[in-house]
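Take a look at the letters that make up each chain.
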Amino acid sequence: MIEIKRKDRIPDDRSLVVAHDGGKYADTDLILCADAGNPDEPTMQLQAQYIKYGPLVYQFNTPEELGAAIFALDPDSTHDAVMLYKEEASRKKARETGTLEPENPVEAPDKTEPEPEQKEEEEETIEEPVREAEEPPVEEPAEPVGESEEPLEPEAPAPEEGAVLGEASDEPSVPEAPPLIEESAFDPIEGGELPDAPLDAAVDISTTTTE
Amino acid sequence: MAKRVVEHLFTGGTVPYESYDSTKTVLGDLIRQQTGASSTDKYAGPVKVAVARPNETSVAIPGIYPHVVRWSDKSGYYATGTVAVSGTAVTGSGSAWLADGVPVGARIGFGTTDPASVTAWYTIMAIASDTSITLDTSAGTIAGGTAFVIDKNYNVDWVFLADTATAAATRRITCFEFRRGSSTFTWKGFITLTYPAATNHTIVGMRAVYAKYTTGTVGVSTATVTGSGTTWSADRINIGSRIGFGSTDPTQITTWYYINAVGSNTSITIQNNVTASGTGGVASNLSIAGGTAYVIEDLRVLTATTNATATNGGLYMTPGLSYDDFTPAGTTIAAAVTTDKVKAVYWLADASTVTNDIASGLAIDDQDSWTQQYCYIIERQAATTPAIYKYNFRVALASISAGKTTSAFVLATGTQSVTGNVSQTNNGRIGTLSHGPGSGVKSLYFATTTRIYRVAVSNITTGSTTFLSDAMVEVPTGGTGTYAATGALTGVEISDQIDRLIITSTGAAGIRSYITKYNTNSDPFDHIFLVDSKQLDQATADSDSVPHPNIQAGIINVWSEEGLTYISRAGTTSAANQLYAVPLGADWAYAGGAVSQRLVTPELLTPNAVKYVRAYFNCAQYLGQDSLTIPTEPVRLLYRTSGISDNSGSWTLLDQTGDLSGVDADTSIQFAFEFRVIGTFCLPNRVYNVCVVYEDNTTDSHYQPSVTFSDAANKRFAWRFSTAFGGTVPTLRVRLYNAVSGGLIVDDTTASPAGTFEKSTNDGGAWGAYNTTDKANETTYIRYTPASLADNIKVRALLTQN
């Protein structure tokens, strides 16, 4: 949204003034303009973003590039391209610092808790290790991950009038993301297969002479 | 006879074809002679292929749909009268610089009327009158009565491109300036059109319409221009247009001013600087006497668009533009509101709710008046049932609301079925061909995937469902046994200079495009051209590579202007969006047509020639370096031996061996080159030199006169057989001339001798009957005794082949 005031001069053509009622307009809304000498008789329409930022807004082919250019001019801009730029910048920063987190993390369906360690029993006799047959775990279909419609990162809140997003700085500030949940340490096991290694702890099979 | 060689290098003086001079190299319309530091820089041939990179300018704007304004087409030289020079001021005597159309920016040299002899050129910065010029730099002091020559060659095209970046509520139009003489593109800048319908537009057709207004004369006082015999208001002169004083020729204007108000038919106010709105600039302060010539440039851009909201599409017009609006930072043109003739974007709707909402191109008709000029849009209501909408974009606009008006709408036809899907973009071209079913008939040509359709303009009437005149089926060059039909035609352009259609395809899988006559006989198309070489011609390409128009499996759009074809590739990235200027009109198939595109040598003297042998020439076999060379297109050679001085002689094509043995010898010969350009890579060749080998009437080079065995007392003439023929000796001819008077006394041959021919093979030890056996040793001689010869005359004997 861009705020326009009536009778503001057009920066790129000082002979023109805004003839429209003031207010907040979408970036590409057409605003009535008039010759400064006859401000009550509009003769042309210009986009709100052009009135605010000049021909800069038509010098870029992608919203990302435009956002970066407007942000450099006006860090507090609420232009859609700037909002996109800020999103991308914050996401990039989080990715680079390893703090990129999903907004609504979903547990992996095959996540398993680690088994508690078993104490070794001291035995005087040697027992053959028994490989107990285990029933293979039932395979559950993996649920798709990351298909949430919500962004993985909380959006930067739109500032209210007069509000600022934190202190002014070269980099945009965003709320901290929740900590990542560690993924399961075990690989999923396909149904029907026995595990390659017994799940029980290994048993000492060394020979010990009786006393 | 002795063999002689006459050589011509393309480094000397030249004249354009319309100023034919048999003592100079003659250049066809698109033929240039180039020079440079190295020997391979000195050549003659068609203008070089040039490339522009719209997506790599300082503001990257991928551009397509080239449309061209031929702003200056000056050529030739002017050397009438004499001059006196003092610093930068040149005063003429007997000159008529303005009247002759000498342009600002032309070059002038002093001390000679021969351009080839000029050592220092000066640029003309202003032309005040027929006898007053101002130079860019001082030429010192030159006394009156000094000869001069002006190089008037000044060929400038304005090339406009439409924005093809992602659809948006605004669209940009880019302008490049192209100099034909140097084959160079220069990016001028762009404008941004703010459409009254603020939803996302896609341009499907674009035209930049240019006209000059020069009616009447003017006087200027401060910022007010008062006309005499002018009708500016009635003729709808627009705010924003630029005006120049002192000439009706824009190329002679030094300083432009900009119209910021049109008060009446005879009153205009002007400002010094161009502004986006056309008003609010610095008021001019001039004093120019009445009766002064002037010129107003009327430049406007028309775009046909489709829109994310379908009924926001249609025809849009931006009048009141000037060349100076195109700047590197961009000039934003506002959307109109309710006022006519403002410098703004108008929506020329066909109805309050637009029905021309699936436009597929834009075609412009000729200007009829300052209030009437039509354009046509093919409406693709369904893929195979088009309709045609007609507008008059110069009409007075009334009832304008939020920039929208229906005043320009004239009519819409009904729909009519076609075969093949109608092309969706840049489709439609008005023109009058001079051949085929459309000969002499102004028609609208448009493409479907398999055909080119013709619609006589007179058939475009309200509600008509029978407007189609005829259609041409795609039959590839050489027939379908040589090339498969593409079934993917996408555009049609008219090349007026060669009276042909340029038909483009989608380029998918490397399918090629065509140039052809329009026919309804299912004859194969005349030419197939271009290829998908995959070479990227972006700025970061290796300097050893040579840019050339290649398909890159993509759509190309073309515009042809006086033989030069501008080809743009419809990509949106730096790798895929280039604009090429290619001299297709110089192709050898059309070189001898109404506009000559030949390279003609001066008359080459062949004195005493008795037999022509062969012609040789050297040319560039390739361009580029090392692994990135690209072969040039071929070149062919013609000759004539008569009608040289007055350019009346007809030309004969030589085969690739250059054999001239069957040509009757003459005192001179002249050569002409024709170049293939419509080919695979479309890189025209470059000729460095040409020579002709001939034999003259000096003693045949196989024999040497023999003093030892010649005998004046017995009137006997002898020669040593010095060089073998390599076979049977041909018939020899002996001519005895009176050495004083030059008169021919005896003329005899070995074939049917009147006198006696003899031969010796042992150094004159024994003489026997002459025979045609080739030379066998170094002691072979022949001698001739005439049947009769008067006494006491000085004789010159000449032995030649017959």
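Definitions and limits used
Residues numbered from 1 in each chain as written. Chains lettered and ligands numbered in written order. Predicted model: local features only at pLDDT ≥ 70, side-chain atom pairs only at ≥ 80, totals over all residues. Heavy atoms only, no water. Helix = DSSP H or I, 4+ residues; strand = E, 2+ residues; numbered from the N terminus. Buried < 20%, exposed > 50% of the residue type's maximum accessible area, 1.4 Å probe, protein only. Contact = heavy atoms within 4.5 Å. Areas by Shrake-Rupley, 256 points an atom, 1.4 Å probe, with all protein chains shown as cover. Lys, Arg positive; Asp, Glu negative; His and termini not counted. Charge placed at Lys NZ, Arg CZ, Asp CG, Glu CD. Pairing = 2+ DSSP bridges. Axes fitted to C-alpha atoms, helices over the stretch in contact; angles between N-to-C directions. Buried area = accessible area lost by both parts, 1.4 Å probe. Salt bridge = Lys/Arg side-chain N within 4 Å of Asp/Glu carboxyl O. Nonpolar A, V, L, I, M, F, W, Y, C, P; charged D, E, K, R; others polar. Expected span 1.5 Å × (residues − 1). pLDDT = per-residue confidence, 0-100. Phe/Tyr/Trp six-rings, centres within 6.5 Å; stacked < 30°, edge-to-face > 60°. Lys NZ or Arg CZ within 6 Å of the ring centre and 35° of its normal. Parallel < 35°, antiparallel > 145°, perpendicular 65-115°, else oblique.

Novice: Account for the overall build of chain A, with residues named and values stated.
Specialist: Looking only at helices and strands, chain A features three helices and six strands. Evaluated residue by residue, chain A yields a buried proportion of 22% over its 211 residues. Here the contacts in chain A between residues at least 6 apart in sequence split such that 41% fall between residues at least 24 apart. For chain A, the accessible area works out to roughly 15,600 Å², and carbon and sulfur atoms hold 49% of it.

Novice: Break down the overall build of chain B for me, with residues and values.
Specialist: Looking only at helices and strands, chain B has one helix and 63 strands in total. Along the first, second and third principal axes, the C-alpha atoms of chain B reach 115 × 70 × 50 Å. Counting the 802 residues in chain B, one finds 57% classified as buried. Of all intrachain contacts in chain B linking residues separated by at least 6 positions in sequence, the fraction that spans at least 24 positions is 66%. When the accessible surface of chain B is summed, it comes to about 28,800 Å², and 47% of that surface belongs to carbon and sulfur atoms. Considering chain B, the positive charge centre built from 53 side chains and the negative charge centre built from 62 side chains are found 1 Å apart.

Novice: Mind laying out the sheet that holds strand E36 (residues 429-431) of chain B, listing which residues take part and the relevant values?
Specialist: Residues and elements named next belong to chain B. Reading across the sheet, the four strands line up as E36-E37-E38-E39 and stay open at both edges, with antiparallel pairing between neighbours. The sheet is open, and its two borders are formed by E36 and strand E39 (470-473), each paired with just one other strand. Ignoring which end each strand starts from, the neighbouring axes of this sheet average 25° apart. Sheet topology places strand E38 (residues 451-456) next to E39; four bridges connect them, and they run antiparallel. Among the inter-strand pairings, Ile452 is bridged to a residue of E39, identified as Met472.

Novice: Give a detailed account of the interface of chain B and chain A, specifying residues and quantitative values.
Specialist: Counting residues at the interface gives 32 residues for chain B, matched by 19 residues for chain A. For the pair chain B and chain A, the two sides together bury roughly 1,800 Å², of which 54% comes from carbon and sulfur. Taken together, chain B and chain A are joined by zero salt bridges. Of all elements in the fold, only strand E17 (170-179), strand E18 (184-194) and strand E29 (335-336) of chain B reach the threshold of two or more residues within the side of chain B that touches chain A. If you tally residues by element for the side of chain B that touches chain A, the top one is E18 of chain B, at three residues. Each residue belonging to the side of chain B that touches chain A can be placed in one class, and the counts come to 18 nonpolar, 13 polar and one charged. Where strand E6 (residues 42-47) of chain A meets E29 of chain B, two bridges bridge the pair, whose relative direction is antiparallel.

Novice: If you had to explain helix H2 (residues 63-73) of chain A to someone new, which residues and values would you point to?
Specialist: Every buried residue of H2 of chain A is accounted for by Leu66, Gly67, Ala69, Ile70 and Phe71 of chain A. Where H2 of chain A is buried, its residues touch helix H1 (48-53) and helix H3 (80-97) of chain A.

Novice: Before we move on, could you go through H3 of chain A and cite the residues and values that matter?
Specialist: Residues lying three or four places apart along an α-helix face the same way, a consequence of the helix completing one turn every 3.6 residues. Residue and element names in this part refer to chain A. Over its 18 residues, H3 runs 26 Å from end to end, which matches the ideal 26 Å to within 8%, given 1.5 Å per residue. Within H3, the full set of buried residues consists of Ala81, Val82, Lys86, Ser90 and Ala94. Contacts from the buried residues of H3 go to H2. Directly beyond the C-terminal end of H3, a positive phi value near 75° is found at Gly98.

Novice: Help me get a handle on the environment of Val159 of chain B, residues and values and all.
Specialist: Residues and elements named next belong to chain B. Position of Val159 among the secondary structure elements: in strand E16 (residues 154-163). Taking the relative accessible area as the measure of exposure, Val159 reaches 0% and is therefore buried. In the structure, Val159 is positioned 89 residues away from Arg70 in sequence and 8.6 Å away in space, judged by C-alpha atoms.

Novice: I'd like a rundown of the confidence of the model for chain B, residues and numbers included.
Specialist: Across chain B, the average pLDDT comes to 96, with 100% of residues at or above 70. Both scores are given for the predicted complex: the pTM is 0.83, the ipTM 0.84.

Novice: Go over the packing of aromatic side chains, please, and point to the residues and values.
Specialist: All names here are of chain B. One pass over the full model with this rule turns up 34 aromatic pairs over all chains. The interplanar angle of 80° and the centroid separation of 5.8 Å between the aromatic rings of Trp97 and Phe148 together place this pair among those described as edge-to-face. Note that Trp97 is positioned in helix H1 (residues 97-100) and Phe148 in strand E15 (residues 148-151), a separation of 51 residues in sequence. Summarising the burial analysis for this pair, Trp97 and Phe148 share the class buried. Taken together, a centroid distance of 5.0 Å and an interplanar angle of 55° make the contact between Tyr213 and Trp370 tilted. Note that Tyr213 is positioned in strand E19 (residues 201-213) and Trp370 in the loop between strand E31 (363-369) and strand E32 (372-382), a separation of 157 residues in sequence. Judged by its relative accessible area of 16%, Trp370 falls in the buried class. By the ring-pair criterion, three or more aromatic residues cluster together here, those being Trp71, Trp158, Tyr210 and Tyr323. Here the basic side chain of Arg242 rests over the ring of Trp256, its NZ or CZ set 4.0 Å away from the ring centre. Between the NZ or CZ atom of Lys404 and the centre of the ring of Trp347, over which it lies, the distance is 4.3 Å.

Novice: With reference to specific residues and values, describe the pairing of E16 of chain B.
Specialist: All names here are of chain B. By the criterion of burial, E16 is predominantly enclosed, with ten of the ten residues buried. Where strand E7 (residues 63-74) and E16 come together, nine bridges link them in antiparallel fashion. When the bridges of E16 are listed, Lys74 appears paired with Tyr154. Note: E16 against E17, seven bridges, orientation antiparallel. Of the residues in E17, the one forming a bridge with Trp158 is Glu177. As consecutive antiparallel partners, E16 and E17 are separated by six residues.

Novice: Please set out the packing of H2 of chain A against H3 of chain A residue by residue, giving values where relevant.
Specialist: Residues and elements named next belong to chain A. Look at H2 against H3: their axes get within 7 Å of each other, and the N-to-C directions meet at 95°. Taken together, the axes of H2 and H3 lie roughly perpendicular to each other. Counted together, Pro63, Glu64, Leu66, Gly67, Ala68, Ile70 and Phe71 of H2 and Ala81, Val82, Leu84, Tyr85 and Lys86 of H3 form the full contact between these two elements. In terms of residue class, the contact of H2 with H3 is made up of nine nonpolar, one polar and two charged.

Novice: Go over the sheet that holds strand E12 (residues 122-129) of chain B, please, and point to the residues and values.
Specialist: Residues and elements named next belong to chain B. On the basis of which strands lie adjacent, the open sheet formed by eight strands has the order E8-E15-E11-E12-E13-E10-E9-E14 and antiparallel pairing. Looking along the sheet, the strands with just one partner apiece sit at the ends: strand E8 (77-78) and strand E14 (141-146). As paired strands, strand E11 (residues 107-110) and E12 are joined by two bridges and run antiparallel to one another. Looking at E12, one finds that Arg107 is bridged to Thr123.

Novice: Can you lay out the environment of Asn104 of chain A for me, pointing to particular residues and giving the numbers?
Specialist: Tracing the sequence through the fold places Asn104 of chain A in the segment after H3. Residue classification places Asn104 of chain A among the partly exposed positions, given a relative accessible area of 37%.

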